[in-house]
Amino acid sequence: MAVTLAPAALDRIRGYLASAPAALGLRFGVKKTGCSGWGYVADLAKEQRADDTVFDVQGVRIYVDAESLSLVDGTEIDFLKQGLNEQFVFRNPNVTAECGCGESFTTRADVA
């Protein structure tokens, strides 16, 4: 599988990368947080780490650390605008539940 970008997210991330020429691409992963267990982390990648898996989506590289890979593999990142609100949205097939506030999620592996 892979981590992919919907067209709107691809455009938005290309804009961020254009304003930060030293960035290599997008760093995407998870961290322990919230009431459900995991929260997404996205930032500009400044370096490639030894344990990174790198996905290329139309010239935009996505760096995912080994610890996060099994939790985000298959995720599509999108960017939605609704009225005055704009946000990245993560369509992750590994998610089995999300907390009420939307800050965190659990996966099949967490339930086992």
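Residues numbered from 1 in each chain as written. Predicted model: local features only at pLDDT ≥ 70, side-chain atom pairs only at ≥ 80, totals over all residues. Heavy atoms only, no water.

### Details of the packing of aromatic side chains
Right, on to step 1. Taken as a whole and judged by the stated rule, the model has six aromatic pairs.
Right, on to step 2. With a centroid separation of 6.5 Å and 40° between ring planes, the pair formed by Y16 and F88 is classed as tilted. Linking Y16 in helix 1 (residues 7-18) with F88 in strand 7 (residues 85-91), this pair joins segments that are 72 residues apart in sequence.
Right, on to step 3. The exposure class assigned to Y16 is partly exposed, which follows from its relative accessible area of 37%. (Phe/Tyr/Trp six-rings, centres within 6.5 Å; stacked < 30°, edge-to-face > 60°. Helix = DSSP H or I, 4+ residues; strand = E, 2+ residues; numbered from the N terminus. Buried < 20%, exposed > 50% of the residue type's maximum accessible area, 1.4 Å probe, protein only.)

### Description of the pattern of salt bridges
Right, on to step 1. Overall, the coordinates contain six salt bridges when judged by the stated rule.
Right, on to step 2. D52 is the salt-bridge partner of R27, the closest N and O atoms lying 2.8 Å from each other. Here the residue R27 occupies a position in strand 2 (residues 25-33), and D52 occupies one in the loop between strand 3 (37-45) and strand 4 (53-57), the gap between them amounting to 25 residues. Of the two residues, R27 and D52, neither departs from the other in class, the shared state being buried.
Right, on to step 3. In the salt-bridge network here, residues are joined through shared partners; they are R12, K81 and E86. (Salt bridge = Lys/Arg side-chain N within 4 Å of Asp/Glu carboxyl O.)

### Focus: the confidence of the model for the protein chain
Right, on to step 1. Mean pLDDT over the protein chain stands at 90; residues scoring 70 or higher make up 91%.
Right, on to step 2. Mean pLDDT values over the elements of the protein chain span from 63, in helix 3 (residues 108-111), up to 98, in strand 5 (residues 60-64). (pLDDT = per-residue confidence, 0-100.)

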